[in-house]
Amino acid sequence: MLPLQPMATSLTHIQEQLGPQLDALNNIITSTLRSNSELTTNIVTNYLKSKGKMLRPIVALLSAQFFGGVNDKALQGAAALEMLHNASLIHDDVIDQATERRGLPTINSVWSNHVAVLVGDFFITGALRCGVATGDPRILSELADMGRDLSLGEIDQVDIARNHNIDEATYMRIIRAKTASLFECCAAVGAYANDAPPEDLEKLRAFARLLGICFQIKDDTFDYFHDPIVGKPTGNDLREGKVTLPLIYALSRTDLPEHDEMLSLVSKETPSRDDIDRLIEFAKRAGGIDYAHETMQRLREEASVILDPYRPNATVNQFLEIFDYVIERKL
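Parameters and conventions
- Residues numbered from 1 in each chain as written.
- Predicted model: local features only at pLDDT ≥ 70, side-chain atom pairs only at ≥ 80, totals over all residues.
- Heavy atoms only, no water.
- Disulfide = S-S within 2.5 Å.
- Buried < 20%, exposed > 50% of the residue type's maximum accessible area, 1.4 Å probe, protein only.
- 1 Å grid on protein atoms, 1.4 Å probe; cavity = no way out; pocket = protein on both sides within 12 Å on 5 of 7 lines; lining within 4 Å.
- Points joined across faces, edges and corners; volume = space filled by probe spheres on them.
- Helix = DSSP H or I, 4+ residues; strand = E, 2+ residues; numbered from the N terminus.
- Contact = heavy atoms within 4.5 Å.
- Salt bridge = Lys/Arg side-chain N within 4 Å of Asp/Glu carboxyl O.
- Core = buried A, V, L, I, M, F, W, Y, C linked by side-chain atoms within 4.5 Å.

Caption draft 1: Highlighting the state of the cysteines. Applying the stated criterion to the full structure yields zero disulfides. The thiol sulfur of Cys-214 is not disulfide-bonded, and the nearest other cysteine sulfur, from Cys-186, lies at 15 Å. Taking relative accessible area as the criterion, Cys-214 reaches 0% and is therefore assigned buried.

Right under this line is the structure:
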């Protein structure tokens, strides 16, 4: 098994190295989202103050760096990706009726679902403007395909949740569409910005796909642990009928005496809080969390092999540091 890099040298280190490029990226986003609407300006300004770690645009910038350098086309494309990602988060908060994100009140909780949806749409229009500004139809096509895949992945997840019928292969297919497609698009934007050879683009796209799948697996494991605010496992996914990898693995353990009972609980139309708590504990006892971490390590090793032909290369090291960060992150 490949050793993990120390966390202190991972994402923060890369953010520092990309400081000027990230500043330029943020300036593009700010100027693109500027408007004459006082309400919109107020909401967008406050929202951008709480921006996340910008992992996806960082992947796009590293891709550009890998293939020759971060140019204006790469910056515009990365800005488009970040705005599309944030639009999806704003809309997700409406769907989930979330009241907080990144420790701050959500737009829908402060204003209304109506306003939040419109602000999310405004972010999408900003992304379209940046996509057009790249002047590259290949990048526009990537953005369009990614948006389609993301939407279809979410719809498929809702459909499968209604039927309470999911296996590992189906789970992987869904998270590739709803999460990994965005990471693949990041790799493609940086590559197209530098007219990278198609065979090299496909290799980096494969790396980014594994990174995105790993990101979602890690995200899903958080649902099985105590929320520091409410003091109990969140169980939000199970409450919505979403069965993720730890429980999928646990339910595959037909040798366990409680298997049939747990299968009946997960098939309930509206599981109770007690049902959800029991399923979470079952997933842990059955080795579901360990299996998820083993899967992430396997993905990391596969990703490292993809980049082997390009060593020694500083950007390859940064890509693998990103992968380590995704596996070890705490939120």
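Caption draft 2: Layout of empty space enclosed by the protein. Counted according to the given criterion, the structure contains two cavities of 30 Å³ or more. The computed volume of the largest cavity comes to approximately 90 Å³. Taken together, 12 residues make up the lining of the largest cavity; nearest its centre are Gln-157, Ile-160, Ile-166, Lys-242 and Val-243. If you list the elements that add at least two residues to the lining of the largest cavity, you get helix H8 (137-163) and helix H9 (168-192). Take the lining of the largest cavity: its biggest share by element is three residues, from H8.

Caption draft 3: Spotlight on the environment of Ile-166. Along the chain, Ile-166 turns up in the loop between H8 and H9. On a C-alpha basis, the gap between Ile-166 and Ile-248 in space is 7.5 Å, while along the polypeptide they are 82 residues apart. Once you skip the residues sitting within four places of it in the chain, Ile-166 turns out to touch Ile-160, Tyr-171, Ile-174, Val-243 and Ile-248.

Caption draft 4: Fine view of the pattern of salt bridges. Applying the stated criterion across every chain yields a total of 22 salt bridges. When the shortest N-O distance is used, the salt bridge between Arg-273 and Asp-277 registers 2.7 Å. Here Asp-277 and Arg-273 lie together in helix H14 (residues 273-285), a separation of four residues that amounts to about one turn. We classify Arg-273 as partly exposed; its relative accessible area is 27%. Take Asp-277: its relative accessible area is 25%, and that puts it in the partly exposed class.

Caption draft 5: Representation of the nonpolar core in the model. Membership of the largest hydrophobic core comes to 99 residues, with the highest contact counts inside it found for Leu-81, Phe-123, Phe-207, Ile-217, Leu-247 and Phe-323. Here this core takes 13 residues from H9, the largest share from any one element. The residues contacting Ile-217, other than those within four sequence positions of it, are Tyr-171, Met-172, Ile-175, Leu-245, Ala-292, Thr-295, Met-296 and Leu-299.

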